[in-house]
Amino acid sequence: MARTPARPRGARQPSASALAGAAVGALIAIVVFAPASWLAARIEGATGGRVQLLQPLGTVWNGSAGLALTGGAGSRAALALPGAVRWKLRPDWSGLRAQVDATCCTSQPLRLHFSPRWGGGHLTLADGRSQWPAALLAGLGTPWNTVQPEGALVLSTEGLSVEWIKGRLTLAGQARLDANGLSSRLSTLKPMGSYRLTLDGGATPRLSLETLEGSLQLSGRGEWAGSNWRFRGIAQAAPDRAAALSNLLNIIGRRDGERSIITIG
C-alpha cells in the first residue's frame, strides 16, 4: 500500500485568515476585472432584449461596444448605431456614476448618477445636448420599422431626474426632443417637417408634441397615469400635400376624415 509522504517538519497549514484574505482578493479581482460582456447581458435582460451591446470589449467599469435597438425577444427588427459607444463606471459614497460617449452622436459625454433607494432607485442625468439618427428608431419594431424615419433627433435635458420606489415613478426637470428634417419611406415628401416633443416633470409628468415647420402637422398632449403614459395626438396634412402623406396617415393612427388620431395608453 502506498504511503502518504510525510509533511516536511516545520510546514504549516494555511491559516483561516490567509484563506479569507485570498478569497477576498479573488472576489475583488473578479469585480474589478469583470468583463464588459457581463454588463451587456444585464442590460439586454433588463430591457427585454430591446437594448443590446454588440461585441463588448474591456470591463464592466471601462468598456466599449456597438449599440443596437430591437423590438424585443423574437423581433426581427434591429438597427445598430454607427460607431462605438464607450462608458466609464465609478462607484461613490452614494451610488454609481456613469459616463457614456457615443462617437457618432455626443459632442460631450452623457453623465449619469444612480443612487439606490429602498425598493427602487434615483437616476439623474446631467444637463446636456446630443444628436442621434432618427433611423435608429426603426430597430424598435412596430410601427417604427414600417415608418422607417429619417432625419436628426436632438435631445436636450435640463435638471432631469427619475425616481422609482416600489413601482411608483417620480420625474423632475425637463427633456426636449427635436426631430429635424423628418421623412419616411411611406411618403414621397422629403422632408415632411420638424417637430418637438417636450417632457415636463412634476407631480404629474406631462408630454407635449408640436410642429415646428412642415407639411405634416402633428400635435398632442399626454401625461403619466400611475403606471403608464396616456397620450392623444392629431396628425394631418397641409391641403396641398394630402395625397403625398395619405399612406403615412393611415399607418400612424386611426383615420378620422382628413386627420389621423394617435392614441397611446
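Model, not experiment: these values are computed from the prediction. (Residues numbered from 1 in each chain as written. Predicted model: local features only at pLDDT ≥ 70, side-chain atom pairs only at ≥ 80, totals over all residues. Heavy atoms only, no water.)

Chemist: Outline the nonpolar core, supporting the account with residue identities and numerical values.
Modeler: Counting 43 residues, the largest nonpolar core has Leu81, Trp87, Tyr195, Leu216, Leu245 and Leu248 as the members making the most contacts within it. With four residues, the single largest contributor to this core is strand S10 (residues 168-184). Each residue touching Leu245, except ones within four places of it in the same chain, is listed here: Ser187, Leu189, Met192, Ser215, Leu216 and Ala237. (Core = buried A, V, L, I, M, F, W, Y, C linked by side-chain atoms within 4.5 Å. Buried < 20%, exposed > 50% of the residue type's maximum accessible area, 1.4 Å probe, protein only. Helix = DSSP H or I, 4+ residues; strand = E, 2+ residues; numbered from the N terminus. Contact = heavy atoms within 4.5 Å.)

Chemist: Give me helix H4 (residues 242-252): which residues, what numbers.
Modeler: Residues that lie three or four places apart on an α-helix share one face, since the helix turns once every 3.6 residues. Within H4, the full set of buried residues consists of Leu245, Leu248 and Leu249. Looking straight down H4, one finds its buried side chains confined to an arc of 105°; they lie on one side. Of the surrounding elements, those touching the buried residues of H4 are helix H3 (144-147), S10, strand S13 (216-225), strand S14 (228-237), strand S15 (254-256) and strand S16 (259-264). (Arc of directions from axis to C-beta.)

Chemist: Describe the state of the cysteines, listing the residues and the values that go with them.
Modeler: A complete count under the given rule lists one disulfide for this structure. Note that Cys104 is cross-linked by a disulfide to Cys105, the S-S spacing being 2.2 Å. Taking the torsion about the sulfur-sulfur bond, which here is approximately -80°, the covalent link between Cys104 and Cys105 counts as left-handed. (Disulfide = S-S within 2.5 Å.)

Chemist: Can you lay out the packing of aromatic side chains for me, pointing to particular residues and giving the numbers?
Modeler: Enumeration according to the criterion identifies two aromatic pairs in this entry. Taking 5.5 Å as the distance between ring centres and 75° as the angle between the ring planes, the aromatic pair formed by Trp224 and Trp229 counts as edge-to-face. Taking the relative accessible area as the measure of exposure, Trp224 reaches 17% and is therefore buried. Since its relative accessible area comes to 24%, Trp229 is described here as partly exposed. (Phe/Tyr/Trp six-rings, centres within 6.5 Å; stacked < 30°, edge-to-face > 60°.)

Chemist: So what's going on with helix H2 (residues 36-46)? Which residues, and what values?
Modeler: Within the span of H2, buried status applies to Ala36, Leu39 and Ala40. For H2, the angular spread of buried residues about the axis comes to 100°, placing them on one side. Residues of H2 that are exposed and point over 90 degrees away from its buried face: Arg42 and Gly45. Residues of H2 that are buried make contact with strand S1 (51-58) and strand S4 (85-92). At the C-terminal side of H2, Gly48 shows a positive phi close to 65°.

Chemist: Which residues make up the confidence of the model for the chain, and what are the values?
Modeler: Per-residue pLDDT for the chain has a mean of 86; in total, 87% of the residues score no lower than 70. Across the chain, the secondary-structure element scoring lowest on mean pLDDT is helix H1 (residues 16-32), at 45, and the one scoring highest is strand S12 (residues 206-214), at 96. Every residue in residues 17-30 scores below 50 in pLDDT, and together they form three contacts with partners more than four places removed in sequence or on other chains. (pLDDT = per-residue confidence, 0-100.)

Chemist: An account of unusual backbone geometry is requested, with residue identities and associated values reported.
Modeler: Here the bond from Lys190 into Pro191 is cis, since omega is -5°, no more than 30 degrees from zero. Relative to the helices and strands, Pro191 resides in the loop between S10 and strand S11 (193-202). Although it is not a glycine, Gln55 sits at a positive phi angle of roughly 45°. Even without a glycine there, the phi angle at Gln148 is positive, about 50°. Within the fold, Gln148 resides in the loop between H3 and strand S9 (149-165). The partly exposed category is assigned to Gln148, whose relative accessible area is 29%.

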